[in-house]
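Summary of the model geometry
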Amino acid sequence: YPSCPGMTAQCPLGDRLTSQEAILDYIIAERWIYLFIIRNDTIVLVRSEHDPRLRELVKELKVSLQTDDESSFEPLSHAVSMALVHPALPWLNGVTRLYIIPGRRLSGLPFECLREKPENGRLPRFLAERFTLSYHLSLDEITPDGHWDQQEEKGNTGHAYDFLAFSPAFGEQQDLAGLGNAEPEVREISEMFRSSGFMAKVIAGKEADEATFLSKLSVGNIIHIATHSKLDCDHPQQSGLHFWKQSPVGSGDELLDGILEVGEVNGLRLSCDLLTLSSCPLGRFDVGEVRPSHDVRSTFLDAGAQRVLYSLWNISDKYTRRFMKDFYRSYLDGKTFPESLRSARLRMLNDPATASPYFWSAFVLMTK
C-alpha cells in the first residue's frame, strides 16, 4: 500500500452489515500487515509493509497511555495510526460504526485513541470522535443466525433485575484500601435505572460476599462489579475480583475466600447482556499474547456474558465513577452499549480536565 490498492471479494457476512458499518480484521506478519475491511458484500484486502519496530511502538504506546503525560503519547499515537488506521481510511467513507478484530498482536490496544490523518495543519481527530467501536475475538464468533450488534433489550428480559450491582466493603480487615467512590457509583447508577422505570438492586458492604455473588448470577441482565482486582502474573488463574471475605482461609471453605479467581469463572453459567468490571485490570495485555486461559475477555464471554466492559489500566475510582454514570445515562437514553461508551468518552474528551486519553480510553467493550 499504496502500490497494492486492495483486492475485493464477495463476503457472506455482508447482509448483516448496514452501509454505515464495517469490520476491520488485522493479521500482522513478520514484514506485512494484512488488513481485511469488510463492508456490505465486499472484502477489501490491504497489504502494507510495516515498520519493523511496530510491535515495540504498540507496546510503548500502551505504556504511555497509563499516565496523563501526553508528551510521549502523541508521537507514538501518530506512528501506530500511520500503520494501522491510515491505510483503511479510504475505504471507510460513510462508516460510523467499526467492529475491530485486533488479533493477538494488537490485543489491549484501544483504537479509540488512534488518530485520523492531519488536515490543514490541524491536529487530527481521535477515532473515538468519528466512529463507534467495539472489539470482537474473531470472525468465528459469528453464527449463521447471529449478528454483530444485537439491540440490547431494556426491561422484560426474563431477569429479576435489569441492573444488579456489587460493591464490597474494604478496610483494615481485608488489608485493602477503601474505595470511597465505588458504593456511591453503584447506588447512583441504580437510582438512574429506577427513575427510568427499571428494576435495580445494589448489594454492598459485607453483604457483597462471594457466595452471594455466585447465587445471584442468573438474576441480573446487567451485572456491575465495583471492586478491587487481584493480578497475579506468576499464577494467572489466581487473578480475580475481590468480594467481602466470607470464609477465612483454613476454615475448610477455601473456595469462598473472598476472591472470585479467573480459574473459577470457567465453571460459571452467566446469562447477562453486559458484565461491567469497574475495577483495575484483571489481565495483562502484552504484545504477542495468544488468548490465554486467564484472558478476562474470553473467560467471561465463554462463561455466557454477551458483552464485557473492562479496564486496560488503572484510573482512580473518582473518574471511574464519573465515566460509568455517563455510560449508563446514555444507555438509558436509548443508545446501544457501544454508542453509550462513545458518548461517555466524548464527554471526558471534551472536558479539559479529562481530555487526556489516559482518562477516557481505559475502558473498552468486548462483544461475543
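Here is what the cut-offs are and how they apply
- Residues numbered from 1 in each chain as written.
- Predicted model: local features only at pLDDT ≥ 70, side-chain atom pairs only at ≥ 80, totals over all residues.
- Heavy atoms only, no water.
- Buried < 20%, exposed > 50% of the residue type's maximum accessible area, 1.4 Å probe, protein only.
- Helix = DSSP H or I, 4+ residues; strand = E, 2+ residues; numbered from the N terminus.
- Pairing = 2+ DSSP bridges.
- Phe/Tyr/Trp six-rings, centres within 6.5 Å; stacked < 30°, edge-to-face > 60°.
- Lys NZ or Arg CZ within 6 Å of the ring centre and 35° of its normal.
- Salt bridge = Lys/Arg side-chain N within 4 Å of Asp/Glu carboxyl O.
- pLDDT = per-residue confidence, 0-100.
- Contact = heavy atoms within 4.5 Å.
- Arc of directions from axis to C-beta.
- Axes fitted to C-alpha atoms, helices over the stretch in contact; angles between N-to-C directions.
- Parallel < 35°, antiparallel > 145°, perpendicular 65-115°, else oblique.
- Left-handed = near helix turned anticlockwise from the far one by under 90°.
- Nonpolar A, V, L, I, M, F, W, Y, C, P; charged D, E, K, R; others polar.

Here's the deal with the pairing of strand 8 (residues 200-205)
Burial runs high along strand 8: five of the six residues are buried. Alignment of strand 7 (residues 161-168) against strand 8, held across six bridges, turns out to be parallel. Note that in strand 8 the partner of Phe 163 across the bridge is Ala 200.

Section: the packing of aromatic side chains
Here the structure, examined in full by the defined rule, presents 18 aromatic pairs. Ring geometry for Phe 166 versus Phe 243: centroids 6.3 Å apart, planes at 80°, classification edge-to-face. Of this pair, Phe 166 sits in strand 7 while Phe 243 sits in the loop between strand 11 (240-242) and strand 12 (259-261), placing them 77 residues apart in sequence. We note that Phe 166, like Phe 243, is buried. Here the aromatic residues Phe 163, Phe 193, Phe 198, Phe 327, Tyr 328, Tyr 331 and Phe 337 are joined through ring pairs into a cluster of three or more. Across the ring face of Trp 32, the terminal group of Arg 47 is positioned such that the distance to the ring centre comes to 3.9 Å. Here the guanidinium or amino end of Arg 115 rests over the ring plane of Phe 126, the centre of that ring lying 3.8 Å away.

Some remarks on the sheet that holds strand 11
Taken together, three strands build an open sheet; the order of strands is 10-11-12 and the sheet is antiparallel. In this open sheet, the two edge strands, each paired with only one partner strand, are strand 10 (229-230) and strand 12. As defined by bridge partners, strand 10 adjoins strand 11 across two bridges and the pair is classed as antiparallel. Its bridge partner being in strand 11, Lys 230 is matched across the sheet by Gly 240.

Observations regarding the pattern of salt bridges
Taken as a whole and judged by the stated rule, the model has 13 salt bridges. Linking Arg 194 and Glu 191 is a salt bridge whose minimum nitrogen-to-oxygen distance equals 3.8 Å. Taken together, the positions of Arg 194 and Glu 191, both in helix 4 (residues 182-195) and three residues apart, correspond to about one turn of that helix. According to the relative accessible area criterion, Glu 191 is partly exposed, its value standing at 42%.

Remarks on the confidence of the model for the protein
For the protein, per-residue confidence averages 82 on the pLDDT scale, and residues scoring 70 or more make up 79% of the total. Model confidence for the protein, summarised as mean pLDDT per element, is weakest for strand 1 (residues 7-10) at 46 and strongest for helix 9 (residues 337-349) at 96. Confidence drops under a pLDDT of 50 for residues 142-147, and excluding neighbours within four residues, the segment shows seven contacts in the predicted structure. Taken as a whole, residues 285-294 scores under 50 in pLDDT and shows 34 contacts with residues more than four places along the chain or in a different chain.

Brief notes about helix 1 (residues 54-64)
Considered for burial, the residues of helix 1 that qualify are Leu 54, Leu 57, Val 58, Leu 61, Lys 62 and Ser 64. Along the axis of helix 1, the buried residues cluster in a sector spanning 165°; they form a single face. If you follow the buried residues of helix 1, they end up packed against strand 2 (21-28), strand 3 (32-39) and helix 2 (73-84).

Focus: the packing of helix 1 against helix 2
Their axes nearest at 9 Å, the elements helix 1 and helix 2 cross at an angle of 135°. When the interaxial angle is binned, helix 1 and helix 2 end up oblique. Between helix 1 and helix 2 the crossing geometry is left-handed. Two secondary-structure elements touch here, helix 1 through Leu 54, Leu 57, Val 58, Glu 60, Leu 61 and Ser 64 and helix 2 through Phe 73, Leu 76, Ser 77, Ala 79, Val 80, Ala 83 and Leu 84. Residue composition of the contact of helix 1 with helix 2, by class: 10 nonpolar, two polar and one charged.

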